[in-house]
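What the coordinates show
So you can see what is in the structure, the chains are spelled out below.
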Amino acid sequence: MHISSIPSEYGIGKMGSHAFEFVDFLKKSGIKCWQILPLSPTSYGDSPYQSFSVNAGNPYFIDFEILELEGLLEESDYSEIVWESDPRRIDYSIIYNNCFDVLRIAYKNFKPAQSPDYRTFCEENKSWLNEYALFMALKFKNNGKAWYEWDKPLAMHDSKAVAEAKKELKDDIGFFKFMQFEFSRQWEILKGYANDNGIEIIGDIPIYCALDSVEAWASPKLFQFDKDKKPIAVAGCPPDIFSPTGQLWGNPLYDWSYHKRTGYKWWISRIKRASELYDIVRIDHFRGFESYYTIPYGNKDATIGKWEKGPDIELFRAAGEKLGRLNIIAEDLGFVTPEVRELLDKSGFPGMKVLQFAFDNGKNDALPHNFTSTNCYAYTGTHDNETLRGWVEAADPKSLKFAKKYLNVEKKKDIPMAMVRAVWGSVAQTAVAQIQDFLDSGKDCRMNTPSTLGENWQFRTVKSDFSPKLAKKIRKLNKLYNR
């Protein structure tokens, strides 16, 4: 369950009292891991996998009540705003149009000179914070336009234009630094509370950066760009039975030869940052490190493309030498070749098994009886899948028949909980389910449908969802399977 789905009176989940109550619920349930999505600021489409920065935190999650306790807000600054039209859906337009106004009030009341913690934060994070704050100040000045639509000197990161922008936008730059400071402080306390209660945070880093990101704007050498900072090729997936035209993600691809020459310095820094934010790091689209699909820039779909060789194990060995043992989960879903399996074996990272993908035939390696190692994380489904009830409603008759037989149930309505039990009863080192699967939520509570825009990332819970009865049910499950 992502932070955004935590109960809240302010339209979206925040890192305040309800988040701490959720940690209490997890402890009562005997749960030891809480998996979230990337904490990054969201951009167009509201996806945490398309962010303005790989390092920054999402200002939407900053809790207003905590800012009030710090003396930076009055209750009336935020409580009189209508934050939602539906307590179970996030309306991102409302959040976008109001959240920054409230946080600006807090910033006006903030006195940086009187906060040694703020100065320390800015100094310790200057490697990414300064450029990010300038990028966001420029973005707001340009009415949210992508950096490649700005005036050419700024789009090309011309040193003179950048220096002038720093002077002109000094206050806005301070505002974006302040928001990151408050985010960092609140997240550190929440994560510390979870850890103190025996709960580890599983975080997530997308393999790719967004084209409209501070990384693409300020560090073009990282990517396959031409001299005008236009992508030569972009990321995606080739056509398959689920997507006849493939998936065109549009993210710029890395210039792996550059990364190799620099000893993978940028990637090592990124993994280090993620390892500080989270206890365990899930790397999205892990197979892209072995080889990645490249689509010519400007193509309308992913039908034309080719596979190119990635850095393979070299990157992770370099990171291990600098950072020590890497606590990583490899998202090894999708088109998995023998070479990808070999990379996974060399890394030693646990991969993922998703039960929703398992019922096409009895030989599927996502079926629990086919697990050949405990070194994996078993899931009922991920944020990109249907809820279990939604899956049952949409599954074809053959898959349903096999699922009933495999799970030893007679009625469709009993399949979801039987799937949870199958995952919990597996040999996988960790068993994971979406909160929707414990709440028996329908298809309207799906978090994301890949390759679609709108209606995604909006799922929310309410306080009454986390009942003592549900905590007891989950605890009994964990006890039964020694989880």
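Every chain's residues receive numbers from 1 upward, in the order its sequence appears when written. Only residues with pLDDT of at least 70 are given local features in this predicted model, and only at 80 or more are side-chain atom pairs given and counted; all residues enter the totals for whole chains, interfaces and linings. Only hydrogens and water are set aside; all other atoms, that is, all heavy atoms of the structure, feed into the side-chain values.

1. Here's the deal with the overall build of the protein chain
For the record, the criterion: Starting at the N terminus, helices and strands are each numbered in turn, a helix being any DSSP run of H or I of at least four residues and a strand any DSSP run of E of at least two. When accessible area is computed with a 1.4 Å probe and restricted to protein chains, residues below 20% of their type maximum are described as buried, those above 50% as exposed, and intermediate ones as partly exposed. By the convention used here, residues are in contact when the closest approach between their heavy atoms is within 4.5 Å. Here the positive residues are Lys and Arg and the negative ones are Asp and Glu; neither His nor the chain ends is included. By convention, the point assigned to a charge is CZ for Arg, NZ for Lys, CD for Glu and CG for Asp.
Along its length, the protein chain carries 19 helices and eleven strands. Counting only C-alpha atoms and orienting by the principal axes, one finds that the protein chain spans roughly 70 × 50 × 40 Å. Within the protein chain, buried positions represent 55% of all 483 residues. Restricting to contacts in the protein chain with at least 6 residues of sequence separation, those with at least 24 account for 72%. Across the protein chain, 64 positive and 65 negative side-chain charges occur, with their mean positions spaced 4 Å apart.

2. Things to note about the nonpolar core
The line we're drawing: The criterion is simple. A nonpolar core is a set of buried Ala, Val, Leu, Ile, Met, Phe, Trp, Tyr and Cys residues joined through side-chain atoms within 4.5 Å.
Ranked by size, the top nonpolar core spans 149 residues in total, and within it Ile3, Trp34, Trp187, Trp267 and Phe289 carry the most contacts. With ten residues, helix α9 (residues 170-196) is the single largest residue contributor to this core. By size, the runner-up hydrophobic cluster in this structure holds eight residues, among which are Ile280, Ile329, Val354 and Tyr379.

3. Brief notes about the sheet that holds strand β3 (residues 233-237)
Sheet strands pair by backbone hydrogen bonding; their relative direction is either parallel or antiparallel. The test is simple: Pairing between two strands is assigned when DSSP locates at least 2 bridges connecting them. Between N-to-C directions, angles span 0 to 180 degrees; the directions come from axes that are lines fitted to C-alpha atoms, helices contributing only their stretch in contact.
One open sheet accounts for four strands, arranged β4-β3-β6-β7; its pairing is antiparallel. Every interior strand has two partners, whereas the edge strands, β4 (247-252) and β7 (306-309), have only one. Taken pair by pair, the neighbouring strands of this sheet meet at an average axis angle of 50 degrees, ignoring direction. Taken together, the four bridges between strand β6 (residues 291-296) and β7 define a ladder with antiparallel strand orientation.

4. Points about helix α5 (residues 116-124)
Filter applied, for reference: To obtain the arc, one takes the directions from the helix axis to the C-beta atoms.
Within α5 the residues assigned to the buried category are Tyr118, Phe121 and Cys122. The buried residues of α5 occupy an angular sector of 95 degrees when projected down its axis, which confines them to one face. As for α5, its buried residues are in contact with α6 (126-141) and α9.

5. Here's the deal with the sheet that holds strand β9 (residues 351-354)
Strand order in this open sheet of three strands is β9-β10-β11, and the pairing throughout is parallel. Among the strands making up the open sheet, the edge pair consists of β9 and β11 (430-432). Here the average twist between neighbouring strands, direction ignored, is 25 degrees. Bridge analysis of β9 against strand β10 (residues 376-379) gives four bridges, and the strand direction is parallel. Bridging from a neighbouring strand, Val354 pairs with Tyr379 of β10. Across the sheet, helix α17 (residues 415-424) touches β10 and β11, and the angle it forms with β11 is around 165 degrees.

6. Topic: the packing of aromatic side chains
In plain terms, the rule: Centres within 6.5 Å are what make two rings of Phe, Tyr or Trp a pair, Trp counting through its six-membered ring; a difference in plane orientation under 30 degrees is then read as stacked, over 60 as edge-to-face, and the rest as tilted. A ring has a charge above it when a Lys NZ or an Arg CZ is no more than 6 Å from the ring centre and no more than 35 degrees off the ring normal.
Scanning all chains against the criterion turns up 50 aromatic pairs. With a centroid separation of 6.2 Å and an interplanar angle of 55 degrees, the aromatic rings of Trp256 and Phe289 are classed as tilted. With Trp256 in helix α11 (residues 256-261) and Phe289 in the loop between β5 (280-283) and β6, the pair connects residues that are 33 residues apart, well separated along the chain. Grouping residues by exposure puts Trp256 and Phe289 together as buried. One aromatic cluster is present, formed by Tyr60, Tyr96, Phe100, Tyr107, Phe110, Tyr118, Phe121, Phe140, Phe175, Phe176, Phe178 and Phe181 through successive ring pairs. Its guanidinium or amino end placed over the ring of Phe64, Lys14 lies 4.1 Å from that ring's centre, counting from NZ or CZ.

7. Here's the deal with the environment of Met179
Relative to the elements of secondary structure, Met179 occurs in helix α9. Since its relative accessible area comes to 1%, Met179 is described here as buried. The spatial distance from the C-alpha of Met179 to the C-alpha of Pro59 is 6.2 Å, given a sequence separation of 120 residues.

8. Side note on unusual backbone geometry
Backbone geometry at His157 places phi at a positive 60 degrees, although glycine is not the residue there. For His157, the location among the structural elements is in the loop between α7 (152-155) and α8 (159-168). Looking at His157, the relative accessible area reads 23%, which means it is partly exposed. At His285, a residue that is not glycine, the phi angle is positive and equals roughly 55 degrees.

9. Let's talk about the environment of Asp384
Keep this limit in mind: Under this definition, polar contacts are N or O atom pairs within 3.5 Å; protein pairs additionally need one hydrogen-donor-capable and one acceptor-capable atom, and for neighbouring residues in sequence, both atoms have to be side-chain atoms.
Positionally, Asp384 belongs in the loop between β10 and α15 (388-394). Distance from Asp384 to Pro450, taken between C-alpha atoms, is 6.3 Å for residues 66 residues apart in sequence. Those residues in contact with Asp384, other than ones at most four positions away along the chain, are Arg446, Asn448 and Pro450. A polar contact of 2.6 Å, which involves the side chain of Asp384, links it to the side chain of Asn448.

10. Some words on a negative patch on the surface
Inclusion rule: Like-charged residues are merged into a patch within 9 Å and nonpolar side chains (Val, Leu, Ile, Met, Phe, Trp, Tyr) within 5 Å, provided each residue has over 30% relative accessible area and no salt bridge. Note that accessible areas follow from Shrake-Rupley with a 1.4 Å probe, and for residues the cover is restricted to the protein chains shown. Just to be clear on terms, a salt bridge is a Lys or Arg side-chain nitrogen sitting within 4 Å of an Asp or Glu carboxyl oxygen.
A surface patch of like charges, here negative, comprises Glu68, Glu74, Glu75 and Glu80. Tracing the sequence through the fold places Glu68 in helix α2 (residues 64-69).

11. A short note on the pattern of salt bridges
Enumeration according to the criterion identifies 27 salt bridges in this entry. Among the salt bridges present, the one from Glu290 reaches Arg287, with a minimum N-O distance of 4.0 Å. One salt bridge connects Lys309 with Asp312, and the closest N-O pair in it is separated by 3.2 Å. The structure contains a network of salt bridges with shared partners spanning Arg287, Glu290, Lys309 and Asp312.

12. Looking at α8
For α8, the full list of buried residues reads Ala161, Val162 and Ala165. Seen along its axis, α8 keeps its buried residues to an arc of 100 degrees; they face one direction. Turned more than 90 degrees off the buried face of α8, the exposed positions are Ser159, Lys160 and Lys167. Buried residues in α8 make contact with α6, α7, α9 and α10 (214-218). Where α8 starts, the residue carrying a side-chain oxygen 3.2 Å from the main-chain nitrogen of Lys160 turns out to be Asp158.

So far we have only geometry, and geometry alone does not tell us how the molecule works.
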